[in-house]
Amino acid sequence: MRSFLKSTAGAVCLFALATSGCSAGPGTTSAASSRSPSPAASGSAAPVTAYAPYVSATTASGNDSAGSPAAYNLAFVISSGSGCTPKWGGTRAVDDAAVASRIAGLEESGATVRVSFGGAFGKELAAACDSAGELAEAYAQALDAAGATQADFDIEGEELADSDSVALRSEAIALLQRDREDLAVSFTLPVMPSGLDADGLALLESANDHGVQVSTVNIMTMNYGESYDGDMGDYALASAEAAHSQLKEVFGLSDAAAWRGMALTSMIGVNDVDGETFTLADAVQVRSFAEEKGIAWVSMWAAFRDRECEAGSEDSDDASTDCSGVEQDPGAFARAFAG
C-alpha cells in the first residue's frame, strides 16, 4: 500500500483461529497450540469477521474510530534510511511520546493495535539490517514501543522480489516468535484476480521453510493495472477465491481454515491506477462475502482517506493520500466494512 507520507524445517501453521496443535519444531511450543481451538471446532457460533483499518501511527484522523474497529493497523515502520533503526515513516522514533499517546487513545475503546512494517515506500528493515538477530531486535523495539503482540509485514515492489531480504525476514520473525509465543504475524501482499504472484508465493514458502507461525495472509485487492477496468468488488472476490486455493496448497489447509487465514484490504475510492474506483457498494459486497466465507478481518487503505475530497481544495486534498475521491459521508466506508 502506498504510504500516507509523501515523500522443510518446521512446518508453518496458518492459525488465525482456524487451526490448533501445529508444532513449531523440536524444543519449541507453537503459538497456535497455545490458542483456543477455532469456534467451529468447539461447537460455538461461527467466528466474526473483524474490521481493522490502516491508520497513521503519527497523525489522528476524525474517522479513525468510525465503524468501531476491533484492531488498528499502524502504518508504517521502516528503516531510518541509514541502517537498522526502526522509525515510523522512516523519520519518527518508535518510542516517540506523541505516538505512544496516540496509540493509547486508539486502544481506549478496547481495540488492539497491529504494527505494520514496510509499505510501498521507503526501505523495509529486512533490506537494511545485516543479520537476522539485528533485524529481530529492530522489529522487537517497534512492537514493544507500541505494546503490540501483532505484527503485519506489508511487502511489495522490489523488496518482494528480493530473495535475500525475504529469507532474512523469515529467519528474524522465527527468532521473534521463539521468544514471543503470543506474537501473531500477518503478511500483507499484492494480489491479482488470478491470485498471488510467484514472488508472493515464494515469500510464504520462505516463511514455511523457517518455521514462521503465520496468523493471516492479507491480500491487497487494489491496483491491478489499466487492463482491469471492470467492477472492483467483483475483482476483489475473484482475487480472494484465487488466493484461497493457493493458501490451501501452501499451508495444507481445509477450505474453512484457508478462508479463516485470509484478510482483505481494499483501497477505497479512487485507486492509484486510472480507471479503478472502489465504491461504497463494493465495500458492502466485500463485507458480505467476507462474512459468508468466515474471513478473519477486512481492512482499507486508509481511515484518513474515508471522506469526500473538498470542492475547490485541489492544492490540499489528494484523492490518493488524503480523501477518497468519491461522493460519501465521512466514515461511510468504515461503516460498510464493519457491517
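Everything that follows concerns the structure shown earlier in this document.
Worth saying up front: this structure is predicted, and the values here are computed from it rather than measured.

*Asks:* Please clarify how the state of the cysteines should be interpreted in this entry.
*Replies:* Any covalent bond linking the sulfur atoms of two cysteines counts as a disulfide. Per the counting criterion, the structure on display carries two disulfides. There is a disulfide in this structure between Cys-84 and Cys-129, and the S-S distance comes to 1.8 Å. Between Cys-84 and Cys-129 the sulfur-sulfur dihedral comes to about 80°; the bridge is accordingly right-handed. Placement of the pair is Cys-84 in the loop between strand E3 (71-79) and strand E4 (86-88) and Cys-129 in the loop between strand E6 (112-118) and helix H3 (132-146), with a sequence separation of 45 residues. By relative accessible area, Cys-129 is classed as buried at 8%. Between Cys-309 and Cys-323 runs a disulfide, and the two sulfur atoms are separated by 2.0 Å. Because the sign of the S-S torsion sets the handedness, a value of about 90° for the bond joining Cys-309 and Cys-323 places this disulfide among the right-handed ones. With Cys-309 in the loop between strand E13 (297-301) and helix H9 (332-338) and Cys-323 in the loop between E13 and H9, this pair connects stretches of sequence that are 14 residues apart. Classification of Cys-323 by relative accessible area gives buried; the value is 0%. When the cysteines of the protein chain that form disulfides are numbered from the N-terminus onward, they connect as 1-2, 3-4.

Here is what the cut-offs are and how they apply
- Residues numbered from 1 in each chain as written.
- Predicted model: local features only at pLDDT ≥ 70, side-chain atom pairs only at ≥ 80, totals over all residues.
- Heavy atoms only, no water.
- Disulfide = S-S within 2.5 Å.
- Helix = DSSP H or I, 4+ residues; strand = E, 2+ residues; numbered from the N terminus.
- Buried < 20%, exposed > 50% of the residue type's maximum accessible area, 1.4 Å probe, protein only.

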